Amino acid sequence: METSCPRLLVISLMVVLSNGVLVVMALAPSPSPSPLPSPSSSTPQFTAMFAFGDSLTDNGNNNYLSSIAKANYVPYGVDFYEGPSGRFSNGRTIIDYLAYFLEKYYFITTIQLHCQNFVFVGDLLQIPSYLPAYANPLATGRNILNGVNYASAAAGILEETGRNLGERFSLSQQVQNFENTLNQLKNQMSEQELREYLKKALVVMILGSNDYLNNYLVPYTYPTSFIYNATAYADLLIQRYARQILALNSLGLRKFLLGGIGPLGCIPNQLATGLAPTGKCVAYVNNIVGMFNTRLRSLVDQLNSKHYPDAIFAFGNTFGAFGDILNNPTAYGKTSKIHILWYVAFGFELNRIYNHFQQNQYVFWDAFHPTQAANEILARKAYSGPPSDCYPINVQQMALM
Ligand SMILES: *[C@@H]1O[C@H](CO)[C@@H](O)[C@H](O)[C@H]1NC(C)=O
């Protein structure tokens, strides 16, 4: 067992290299592996992260789909080591930051579980280990052991959400895709190992924005706003969402971070509708996504009170956290609340100003999506923030359970 481990590591390195991702690795002298402390049963840990979501966290799934909602071209990714990757940001997403925080402090890879003194692949490479996108052909074998990202731009909780933009993995499809991953994992570990592995994996779900932006708020394309009032629609979304969350729980996943919807009434796309007074957000939009958020927080309470064995559910207060950045930009080192560096609407650049140093000053990257600077703040709040940011406990505390 021990002797087979280094060979496994080499194989996984070669796979990554063949993707062309690790040119730096080929040029740099390889640092000698330093032993890590052996994980013990008392070591706080996540075994993996499985991410479900939309364009806020898509890391390349839509590159493989026939969709208008893609971000695999410049200027997306200008601050990302890989360049444009399909991420809807200048750099990292919230998931990338969470993986980074977790790897730094809490990830125990399966390689380590088997070979107690082995090093993180990510440490060797001097880059955080990014989760593979589910649709990437390289997302197989050992590459999926740290988790998989299923997020798909334009996707929503409801099946038809985002249909106007083309193919996407809806939430229910994302859950089915996880089942495919599960079948692969079954080939790589024993039944009992898998059970433990899933029990200690973090699930991050950030969905719902498109059920408003690419459904309820587009009455000429979707009939939902004629069928449901805002309260009934929020109820419907939560009911469907709960069904998928419980499906994942019944497949063995136990630790859930459920991110709420941000203040959509304040995003440049909504401000451009002219429905809000100058300098204000669109109150109606914020009110209706607020109904979803209130219900999602209650769902978390409800799920926690049912005491599903070993399970814990947390609510990420994206609305509050993002609202705080917008209301107090200077407290976060951001100069203005509505500036966008690149205004990109599906490939159409309206504004071509680019400056690496200025990038950190902005909250919005395009009409819908935050900059990596804002994503880092949001991820940090989920990771270690107080209950007002992540309720009832944060990700760091979940790792200790
Ligand atoms: C919204 O619709 C539900 C179900 O049809 C109804 O019970 C409720 O009274 C409506 N709420 C408002 C504010 O109209």
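Residues numbered from 1 in each chain as written. Predicted model: local features only at pLDDT ≥ 70, side-chain atom pairs only at ≥ 80, totals over all residues.

Novice: Before we go on, may I ask you to explain the overall build of the chain in this structure?
Specialist: Each helix and strand in the chain was counted, giving 16 helices and eight strands. Burial analysis of the chain (401 residues in total) assigns 44% to the buried set. Within the chain, contacts between residues separated by at least 24 positions form 71% of all contacts whose residues are at least 6 apart in sequence. (Helix = DSSP H or I, 4+ residues; strand = E, 2+ residues; numbered from the N terminus. Buried ≥ 20, exposed ≤ 12 C-beta atoms within 10 Å, placed from the backbone. Contact = placed C-beta atoms within 7 Å.)

Novice: Before we go on, may I ask you to explain the environment of Leu237 in this structure?
Specialist: Mapped onto the elements, Leu237 comes out in helix α10 (residues 230–250). What makes Leu237 buried here is the crowd of 27 C-beta atoms within 10 Å. Sequence-distant contacts of Leu237, defined by excluding residues within four places in its chain, comprise Ile157, Gly208, Asp211 and Phe292.

Novice: Just to check I follow, could you spell out the environment of Leu182 for this structure?
Specialist: Following the sequence through the fold, Leu182 ends up in helix α6 (residues 171–186). Classification of Leu182 by C-beta neighbours within 10 Å gives partly exposed; the count is 15. With twelve residues separating them along the chain, Leu182 and Leu194 place their C-alpha atoms 8.9 Å apart.

Novice: Is there a simple way to think about the nonpolar core in this case?
Specialist: As a rule of thumb, soluble globular proteins bury nonpolar side chains together. Counting residues in each nonpolar core, the largest one holds 99 residues, and the members touching the most others are Met49, Leu98, Val204 and Ala314. At eight residues, helix α3 (residues 94–105) tops the list of elements feeding residues into this core. Residues contacting Ala314, with those up to four places away along its chain left out, are Phe256, Leu257, Leu258, Val300, Cys390, Tyr391, Pro392, Ile393 and Met398. (Core = buried A, V, L, I, M, F, W, Y, C linked by C-beta atoms within 7 Å.)

Novice: Mind showing me how you'd approach the sheet that holds strand β2 (residues 147–149) here?
Specialist: Adjacent strands of a sheet pair through backbone hydrogen bonds, lying either parallel or antiparallel. Spatially, the six strands line up as an open sheet ordered β2-β1-β3-β4-β5-β8, and their pairing is mixed. Each edge of the open sheet carries a strand with a single partner, namely β2 and β8 (390–391). (Pairing = 2+ DSSP bridges.)

Novice: Hey, could you run me through α6 in this one?
Specialist: In an α-helix, one turn spans 3.6 residues; hence positions three or four apart end up facing the same way. Its 16 residues give α6 an end-to-end C-alpha distance of 23 Å, which sits within 8% of 22 Å, the value for a rise of 1.5 Å per residue. For α6, the complete set of buried residues consists of Leu171, Gln174 and Phe178. Take α6 and look down its axis: the buried residues cluster within an arc of 50°, on one side only. Opposite the buried face of α6, at more than 90 degrees from it, the exposed residues are Glu179, Asn180, Asn183 and Lys186. Residues of α6 that are buried in the fold lie against β1 (49–53) and α10. (Expected span 1.5 Å × (residues − 1). Arc of directions from axis to C-beta.)

Novice: What should I look at first to understand the UniProt feature "coiled-coil region" (unreviewed entry) in the chain in this one?
Specialist: UniProt records the feature "coiled-coil region" (unreviewed entry) for residues 168–195 in the present numbering. Secondary structure over residues 168–195 splits into 75% helix and 0% strand, and the C-alpha atoms at its two ends are 30 Å apart. (UniProt positions renumbered as here; feature names shortened; annotations may be inferred.)

Novice: It is not clear to me how the pairing of strand β3 (residues 202–206) should be interpreted in this structure. Could you clarify?
Specialist: The two faces of the sheet receive side chains in turn, since in a regular strand these alternate between them. Counting buried residues along β3, five of its five residues qualify, which places the element largely inside the surrounding structure. Bridging between β1 and β3 involves five bridges; their strand directions are parallel. Bridged to Met49 within β3 is Leu202. Pairing between β3 and strand β4 (residues 255–259): five bridges, direction parallel.

Novice: What is the right way to look at the pairing of strand β5 (residues 312–316) in this model?
Specialist: Within β5, four of the five residues are buried, which leaves the element mostly enclosed by the surrounding structure. The pairing of β4 with β5 spans five bridges and is classified as parallel. Across the sheet, Leu258 pairs through a bridge with Phe315, a residue of β5. Inspection of the sheet shows β5 paired to β8 by two bridges, in the antiparallel sense. Bridging from a neighbouring strand, Phe315 pairs with Tyr391 of β8.

Novice: When you look at the packing of helix α13 (residues 318–327) against helix α15 (residues 372–384) in this model, what are you seeing that I'm missing?
Specialist: Any two packed helices are characterised by the angle at which their axes cross and by the distance between the axes. Put simply, α13 and α15 touch, their axes get as near as 10 Å, and they point 135° apart. As far as their axial angle goes, α15 and α13 are oblique. Read as a crossing pair, α13 and α15 show a hand that is right-handed. Between α13, through Thr318, Ala321, Phe322 and Ile325, and α15, the contact on the second element is made entirely by Ala374, Ile377, Leu378 and Lys381. Grouping the constituent residues of the contact of α13 with α15 by class yields six nonpolar, one polar and one charged. (Axes fitted to C-alpha atoms, helices over the stretch in contact; angles between N-to-C directions. Parallel < 35°, antiparallel > 145°, perpendicular 65-115°, else oblique. Left-handed = near helix turned anticlockwise from the far one by under 90°. Nonpolar A, V, L, I, M, F, W, Y, C, P; charged D, E, K, R; others polar.)

Novice: Would you take a moment to explain the confidence of the model for the chain for this structure?
Specialist: Low pLDDT marks stretches whose predicted atomic positions should not be read closely. Per-chain confidence: the chain averages 80 in pLDDT, with 75% of residues scoring 70 or above. Low pLDDT, under 50, characterises residues 1–42; the stretch is placed with 41 contacts to residues that sit more than four places away or in other chains. (pLDDT = per-residue confidence, 0-100.)

Novice: How do you make sense of unusual backbone geometry when you look at a structure like this?
Specialist: Phi is mostly negative for residues that are not glycine, and the peptide bonds are mostly trans. Of note, the amide linkage connecting Val74 to Pro75 takes the cis form, showing an omega dihedral of 10°. Among the structural elements, Pro75 can be located in the loop between β1 and α3. Tyr391 connects to Pro392 through a cis peptide bond whose omega is -5°. One non-glycine residue, His307, adopts positive backbone phi at about 50°. Locating His307 in the fold gives a position in the loop between α12 (283–305) and β5.

Novice: Before we go on, may I ask you to explain the packing of α10 against α12 in this structure?
Specialist: In the contact formed by α10 and α12, the axes pass within 9 Å of each other and the chain directions differ by 40°. Taken together, the axes of α10 and α12 lie oblique to each other. You can see that α10 and α12 cross each other, and the crossing is right-handed. From α10, Ala230, Thr231, Ala234, Asp235, Leu237, Ile238 and Ala242 reach across to α12, where they touch Ile288, Met291, Phe292, Arg295, Leu296 and Leu299. Partitioned by chemical class, the residues of the contact of α10 with α12 number ten nonpolar, one polar and two charged.

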